[in-house]
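# Overview (structure and organization)
Chain by chain, the residues:
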Amino acid sequence: MRRPLEWQIATVKAIAQETAQVKTITLVLPGWTAHRAGQHYDVRLTAADGYQAQRSYSIASPPERPGEVDLTVERIPDGEVSPYLHDVLVVGDAVEVRGPVGGYFVWEASSGGPLLLVAGGSGVVPLMAMLRHRAAAGAKVPARLLYSSRTLEDVIYRQELEALASRDGLEVFHTLTRGQPKGWTGYARRIDQPMLAEVSGPLGTAALAFICGPTALVETTASALVQLGLAQERVRTERFGPTGT
Amino acid sequence: MSQKFVSRGFTGKRERAGGQGARVPPGQHLVSDFPVLSAGPTPRTDLARWTFTIDGLVTAPVSWSWADFQHLPVQDFVKDISCVTKWTKLDTRWRGVSVDTLFEHVELDPRAVALIASCDGGYTTNLLLSDALNGQAFVAYEYDGKPLAPEHGGPARLVVPHLYFWKSAKWVRGLRLVNKDAPGFWESLGYHIRGDPWKEQRYTDD
């Protein structure tokens, strides 16, 4: 059954500060439909005089939470929609949204694996939906996440990732590109081919890869994974750059 | 559509349109950079093996090498482009060969009503002939005075500026004429069959 993607008025149920620049907004949707991990919602803001602005935000929550979705939003300083969502929106407010949208950058437990996830910054959001879905669905597909952040304080979902990684079959690798805490034993450079070879190696070349982050990271990673032997049709990308304000 | 919904406390940053608001389709915002979006790895095609082919419902298919393609009559285009991910970029400067020029080299079967563009990497997109002819579409190989960068679709991409930019297939290698407008890659994955930004035809049933 296909139906048009109608705009609906969601209600803000909760707002959580993830990092200094990142918040998760939990929306209750009157017309909720199960999404696929990796999909997004469009958010539309309307001013009193009718002026509108729209942006897309990835869903962070798994589909196993009927009636609501989490959108994790990075605040873009000169943006139009994200500063509103960060600075103005409060619990109980109404937000116009439509979705879920997107049909290629999606992973379901039935999609199999092994699963290689590579994220830069808030590019981790749709990948987190995949990992949460994997856990909620009880999937045992081997999975590895390589996650690039500027500093440890910029890592989104850090504690939850630790908790998820203590379960069967998921390993999480961090790289911190701008500063590392004392005693840091993870990677400390931008993602490159040797790093990808180390992280992806144990998954083999049959891995299904999802990459989300800034253009440079996505370009580097996708090209490197093809060179490392992954089939190009099993390397899926989603990008955001300095735009997306 | 919402009739009276207002986002509490939202005023917006309208100065972004800089007096060019009439050129920005609904739900879009202006950017000055050129975002890169694609579904998979950027293909790298050796120009020595690059060809561009028109086939399907034509009397005789035609194919050009990269060198031959460079000898086709070239045109400069300055166009506004809109991506379904909500950005619009004004006055983008392209050089390429119009689809009209390419079609001068084939005889179209009268049953041909649409085309499927195919690309390195397996991407496809569909266009009605009525959206591809009469100066509306071209195969570009220069952007802003330089060879088109691979991440932007180089060596050559289709540019159909009056439709959402997923129709402007990167790494395009051929056009196949068909007798029925059938969905390509994104059109099969929830995006609109035609994609007119002024009608905000983003998703399948918009």
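Calculation rules
- Residues numbered from 1 in each chain as written.
- Chains lettered and ligands numbered in written order.
- Predicted model: local features only at pLDDT ≥ 70, side-chain atom pairs only at ≥ 80, totals over all residues.
- Helix = DSSP H or I, 4+ residues; strand = E, 2+ residues; numbered from the N terminus.
- Buried ≥ 20, exposed ≤ 12 C-beta atoms within 10 Å, placed from the backbone.
- Contact = placed C-beta atoms within 7 Å.
- Domains from an automatic or database assignment.
- Nonpolar A, V, L, I, M, F, W, Y, C, P; charged D, E, K, R; others polar.
- Expected span 1.5 Å × (residues − 1).
- Pairing = 2+ DSSP bridges.
- Axes fitted to C-alpha atoms, helices over the stretch in contact; angles between N-to-C directions.
- Core = buried A, V, L, I, M, F, W, Y, C linked by C-beta atoms within 7 Å.
- pLDDT = per-residue confidence, 0-100.

## Here's the deal with the overall build of chain B
Within chain B one finds 3 helices and 11 strands. For chain B, the C-alpha atoms occupy an extent of roughly 60 × 35 × 30 Å along the three principal directions. Burial status across chain B gives 37% buried among its 206 residues. A separation threshold of at least 6 residues defines the contact pool for chain B, and within that pool the share at least 24 residues apart is 64%.

## Considerations on the domain arrangement of chain A
One frequently used descriptor of interface size is the decrease in accessible area upon assembly of the parts. Residues and elements named next belong to chain A. Parsing chain A into structural domains produces domain 1 (8–101) and domain 2 (109–239). The C-alpha-based centres of domain 1 and domain 2 are spaced at 24 Å. In this assembly, 15 residues from domain 1 lie in contact with 14 residues from domain 2. Among the elements of the structure, strand 1 (8–19) and strand 5 (68–74) are those that each provide at least two residues to the side of domain 1 that touches domain 2.

## Some points on unusual backbone geometry
Residues and elements named next belong to chain A. Put simply, Gly99 and Pro100 share a cis peptide bond, and its omega is 0°. Looking at the secondary structure, you find Pro100 in strand 6 (residues 94–101). Residue Pro114 is bonded to the preceding Gly113 through a cis peptide linkage, with omega at -5°. Following the sequence through the fold, Pro114 ends up in the loop between strand 6 and strand 7 (115–120). Even without a glycine there, the phi angle at Tyr157 is positive, about 60°.

## A short note on the interface of chain B and chain A
Residue-level contacts link 36 residues of chain B with 38 residues of chain A. Considering only residue class, the side of chain B that touches chain A consists of 13 nonpolar, 15 polar and 8 charged.

## Regarding helix 2 (residues 124–136) of chain A
All names here are of chain A. With 13 residues, helix 2 ought to run about 18 Å at 1.5 Å a step, and its terminal C-alpha atoms sit 18 Å apart, in line with that. Most of helix 2 sits out of view: 11 of its 13 residues are buried. All buried positions along helix 2 are accounted for by Val124, Val125, Pro126, Leu127, Met128, Ala129, Met130, Leu131, Arg132, His133 and Arg134. Looking at the residues trailing helix 2, positive phi occurs at Gly138, about 70°.

## Thoughts on the sheet that holds strand 10 (residues 208–213) of chain A
Residues and elements named next belong to chain A. Ordered in space as 9-8-7-10-11, the 5 strands form an open sheet in which the pairing is parallel. Across the chains shown, the open sheet's two edge strands, defined by having one partner strand only, are strand 9 (170–176) and strand 11 (235–239). Averaged over all adjacent pairs, the angle separating strand axes in this sheet is 10°, with direction ignored. In terms of strand pairing, strand 8 (residues 143–149) meets strand 9 through 7 bridges, oriented parallel. Paired with Ala143 across the two strands is Leu170, which belongs to strand 9. Helix-sheet contacts for helix 2 involve strand 7, strand 8, strand 9, strand 10 and strand 11, and the interaxial angle to strand 8 is about 155°.

## Brief notes about the nonpolar core
With 62 residues, the main nonpolar core has Leu71, Leu117, Leu127, Leu145, Ala209 and Phe210 of chain A as its most contacted residues. When residues of this core are assigned to their parent elements, the largest contribution, 7 residues, is made by helix 2 of chain A. Structurally, this core is a two-domain feature, drawing no fewer than three residues from each of domain 1 (8–101) and domain 2 (109–239) of chain A. The contact partners of Leu71 of chain A, leaving out residues within four places of it in the chain, are Ile25, Leu27, Tyr41, Tyr57, Ile59 and Ala60 of chain A. Counting 41 residues, the second largest nonpolar core, distinct from the first, contains Ile81, Phe138, Tyr141 and Ala156 of chain B.

## Let's talk about the sheet that holds strand 6 (residues 114–119) of chain B
Within a beta sheet, neighbouring strands are joined by backbone hydrogen bonds and run either parallel or antiparallel to one another. Residues and elements named next belong to chain B. In spatial order, the strands read 3-2-11-6-7; together these 5 strands make up an open sheet with mixed pairing. The strands lining the two open edges of the sheet, one partner per strand, are strand 3 (62–65) and strand 7 (124–128). Taken over all neighbouring pairs, the strand axes of this sheet differ in orientation by 15° on average, direction set aside. Relative to strand 3, strand 2 (residues 51–56) runs antiparallel, the two sharing 4 bridges. Its bridge partner lying in strand 3, Phe52 is registered against Trp64.

## Remarks on the environment of Ala117 of chain B
Within the fold, Ala117 of chain B resides in strand 6. Expressed as a C-alpha distance, the spacing of Ala117 of chain B and Lys146 of chain B, which sit 29 residues apart in the sequence, is 24 Å.

## Notes on the environment of Arg132 of chain A
Note on placement: Arg132 of chain A falls in helix 2. In this structure, the C-alpha to C-alpha distance between Arg132 of chain A and Ala143 of chain A, residues 11 residues apart in sequence, is 12 Å.

## Points about the confidence of the model for chain B
Here chain B shows a mean pLDDT of 94. Residues at 70 or above account for 97%. Reported confidence for the predicted complex is 0.90 by ipTM and 0.94 by pTM.

## Digging into the pairing of strand 2 (residues 22–28) of chain A
Residues and elements named next belong to chain A. Alignment of strand 1 against strand 2, held across 7 bridges, turns out to be antiparallel. Residue Val12 lies in a different strand from strand 2, and its bridge partner there is Leu27. From the end of strand 1 to the start of strand 2, which pair antiparallel, there are 2 residues. The sheet contact formed by strand 2 and strand 5 spans 7 bridges and is antiparallel. Bridge assignment links Ile25 to a residue of strand 5, and that residue is Leu71.

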